[in-house]
Amino acid sequence: MTATPLRWILHLDMDAFYASVEQLDNPELRGRPLIVGGGERGVVSTCSYEARAFGVRSAMPLFQARKLCPRAVFLPVRMERYKEKSREVMAVLDGFSPLVEQASVDEAYVDLTGLERIFGGAAETARAVRDAVREKTGLSCSVGLAPVKFLAKIASDMNKPGGLTVLLHADVPAFLEKLPAGRIPGVGRQTLAQLESLGMRTAADVARQSAEFWSKRLGKAGEALYDRARGIDGRPVRPVVDPKSESAENTFARDTLDREILAAWLLRQAERVGESLRRRNLAGRTITLKVKYGDFVQVTRARTLKRPTNLTRPIYETALELLEELNPARPLRLIGVGVSHFGEGERQFSLLPEPEEEDRQREARLDNALDELRRKFGRGAVVRGKLFRPPEE
Ligand code: TTP
Ligand code: MG
């Protein structure tokens, strides 16, 4: 098995988000204490940094905020407008990487692995993201760059507002040495009290115990705690899109029954579907073939594989088998292939017998190389030579 490659994960969090949008839309409010909130519960949603200087905080009852800062401007929540700005922010991030995971209305993770070279280094990449968001949306944000998700999130919060915090791989151990245990995700008040009673103040203190020590005391949560305390967080950046299926289909200019042409289309579609799944870290177990005859009669055939896949070859080969089994006797006007039934695929692959695992890894490397080329030179730039003669459009 290969070791996990080093990753660069960026976490972005907007500064005083709702309040900043209000200040953007109404310049008179800039530089002033501003409190956004209300609704049924009558609490502060957020407030500008000017209001924070008076001790006002999110979730505080409005009457209390009014007492702390009577001069503040109070505004109701305009959720639709914040969502609009949120979409603008995400669009800027999409320009940096195909792997963007929106985590809430004002935060997102971006996988920047490999891209840091383009910008001349990790810190420069993070800076470019922060500056682009500020420039294109008019809103201030803070970013953290780290090898894993939870550290990136902690980092983005360290120099707010307008912060840029980079945690290099080599600095992680020293960082964990100082990180208060209460900052580890999942450590609530109760766990924290427990840790304190054991005399453990930092992540490194937690890491010095054994895995058994923590799973005995905290069960599953103990395992996660032990991992985080050692800086381990294997969660990938997972773009949130239609989580159910991925497919591609084409209607021909002329109905056809030519197996070679149909196969060429299936390969192109498998390539497209596979690439989209790989980009989103998804893999599916069910491959579906869809055809439509000249008279619009539609037929689908599906096969469920033993393991989820996102590789072009198995998607293509399964679709081709399904086509052969269907053995259409009349010309087709449409053909398509889909992948569904998503699940955790990648990890289970390591249980494959050696030769199969080697095949899979070779295929994965090929797919990744082709994906990379397409990202650089455009979708049409690369096609697999074997079996492939571009079908007539
Ligand atoms: P946060 O990112 O927690 O807060 P923020 O962006 O206002 O300030 P900063 O990140 O600079 O500390 O939350 C994002 C938005 O979510 C916030 O603008 C308003 C909303 N929110 C609530 O409605 N109630 C809450 O209790 C919190 C914490 C946030
Ligand atoms: Mg925020």
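The structure under discussion appears in the preceding block.
Analysis parameters
Residues numbered from 1 in each chain as written. Chains lettered and ligands numbered in written order. Predicted model: local features only at pLDDT ≥ 70, side-chain atom pairs only at ≥ 80, totals over all residues. Heavy atoms only, no water. Helix = DSSP H or I, 4+ residues; strand = E, 2+ residues; numbered from the N terminus. Buried < 20%, exposed > 50% of the residue type's maximum accessible area, 1.4 Å probe, protein only. Contact = heavy atoms within 4.5 Å. Polar contact = N/O pair within 3.5 Å; in protein donor to acceptor, adjacent residues only side chain to side chain. Near = heavy atom within 4 Å. Areas by Shrake-Rupley, 256 points an atom, 1.4 Å probe, with all protein chains shown as cover. Nonpolar A, V, L, I, M, F, W, Y, C, P; charged D, E, K, R; others polar. Expected span 1.5 Å × (residues − 1). Pairing = 2+ DSSP bridges. Axes fitted to C-alpha atoms, helices over the stretch in contact; angles between N-to-C directions. Salt bridge = Lys/Arg side-chain N within 4 Å of Asp/Glu carboxyl O. Donors = N, O, S within 2.8 Å, 3.2 Å for Na, K, Ca; no water. Tetrahedral: all angles 85-135°; square planar, octahedral: opposite > 155°, others 65-115°. Phe/Tyr/Trp six-rings, centres within 6.5 Å; stacked < 30°, edge-to-face > 60°. Lys NZ or Arg CZ within 6 Å of the ring centre and 35° of its normal.

A. Up close: unusual backbone geometry. In this structure, the amide linkage connecting Lys 160 to the following residue, Pro 161, adopts the cis form with an omega of -10°. By the element assignment, Pro 161 lies in the loop between helix H6 (149-156) and strand S8 (164-166). Although it is not a glycine, Phe 296 sits at a positive phi angle of roughly 75°. Considering the arrangement of structural elements, one finds Phe 296 in the loop between strand S10 (284-293) and strand S11 (298-309). What makes Phe 296 exposed here is its relative accessible area of 52%. In this structure, Asn 327 takes a positive phi of about 45° despite not being glycine. Within the secondary structure layout, Asn 327 lies in the loop between helix H13 (312-326) and strand S12 (332-342).

B. Focus on the environment of Arg 235. With respect to the element layout, Arg 235 can be found in the loop between helix H11 (220-229) and strand S9 (245-256). Between the alpha carbons of Arg 235 and Phe 150 there is a distance of 9.2 Å; along the sequence they are 85 residues apart. Sequence-distant contacts of Arg 235, that is, excluding residues within four places in its chain, are made with Arg 7, Lys 149, Phe 150 and Arg 228. There is a polar contact of 2.7 Å between the side chain of Arg 235 and the side chain of Asp 233.

C. Here's a closer look at the site of ligand 1. If you check the shell around ligand 1, you find 13 residues, and the closest are Asp 13, Ala 16, Thr 46, Tyr 49 and Arg 52. In the environment of ligand 1, an oxygen atom lies 2.8 Å from a nitrogen or oxygen atom belonging to the backbone of Ala 16. Contacts to ligand 1 include Tyr 49, whose side-chain N or O atom sits 2.6 Å from an oxygen atom. Protein coverage of the free-state accessible area of ligand 1, which is 550 Å², stands at 68%. Grouping the constituent residues of the shell around ligand 1 by class yields five nonpolar, three polar and five charged.

D. Spatial organisation of H13. The first and last C-alpha atoms of H13 sit 21 Å apart over 15 residues, in line with the 21 Å expected at 1.5 Å per residue. Listing the buried residues of H13 in full gives Thr 312, Ile 315, Tyr 316, Thr 318, Ala 319, Leu 320, Leu 322, Leu 323 and Leu 326. Contact partners of the buried residues in H13: helix H12 (259-279), S10, S11, S12 and helix H15 (354-377). Asn 327 sits one or two residues past H13 and shows a positive phi near 45°.

E. Focus on the sheet that holds strand S5 (residues 100-104). Strand order in this open sheet of five strands is S5-S6-S1-S7-S8, and the pairing throughout is mixed. Among the strands making up the open sheet, the edge pair consists of S5 and S8. On average, each strand axis in the sheet is inclined to that of its neighbour by 15°, with strand direction left out of account. The pairing of S5 with strand S6 (residues 107-111) spans four bridges and is antiparallel. Its bridge partner being in S6, Gln 102 is matched across the sheet by Ala 108. Against the sheet, H6 engages strand S1 (9-14), S5, S6, strand S7 (141-146) and S8, with an angle of about 145° to S7.

F. The pattern of salt bridges, seen in detail. All told, the structure shown has 28 salt bridges when counted by the stated rule. The residue Glu 101 makes a salt bridge to Lys 149 at a minimum N-O spacing of 2.8 Å. You can see Glu 101 sitting in strand S5 and its partner Lys 149 sitting in helix H6, a full 48 residues away along the chain. Relative accessible area serves as the criterion here: at 5%, Lys 149 is assigned to the buried category. A salt bridge links Asp 131 to Arg 134, with the shortest nitrogen-to-oxygen separation between them at 3.2 Å. Of this pair, Asp 131 and Arg 134 both sit in helix H5 (residues 122-137), three residues apart, which is roughly one turn of the helix. A single network of salt bridges, built from pairs that share partners, joins Glu 22, Asp 25, Arg 78, Arg 81 and Glu 84.

G. Up close: the coordination of the magnesium ion (ligand 2). Within the protein, the atoms that donate to the magnesium ion (ligand 2) are Asp 13 (OD), Met 14 (O) and Asp 106 (OD), at distances of 2.0 to 2.2 Å. What the six donor atoms of the magnesium ion (ligand 2) show is an angle range of 81 to 175° at the metal, which sorts the shape as octahedral. In terms of primary sequence, the donors binding the magnesium ion (ligand 2) are separated according to D-M-x91-D. Here Asp 13 matches Met 14 in class, with each residue buried.

H. A look at the packing of aromatic side chains. Under the counting rule described, the total for this entry stands at five aromatic pairs. Here the aromatic rings of Tyr 18 and Tyr 82 are separated by 4.3 Å at their centres, their planes lie at 15°, and the arrangement is stacked. Here the residue Tyr 18 occupies a position in helix H1 (residues 17-25), and Tyr 82 occupies one in helix H4 (residues 79-94), the gap between them amounting to 64 residues. Of the two residues, Tyr 18 and Tyr 82, both sit in the buried class. Grouped by ring-pair contacts, the aromatic residues Phe 17, Tyr 18 and Tyr 82 constitute a single cluster. The cationic tip of Arg 217 hangs over the ring face of Phe 213; the distance from NZ or CZ to the ring centre is 3.7 Å.

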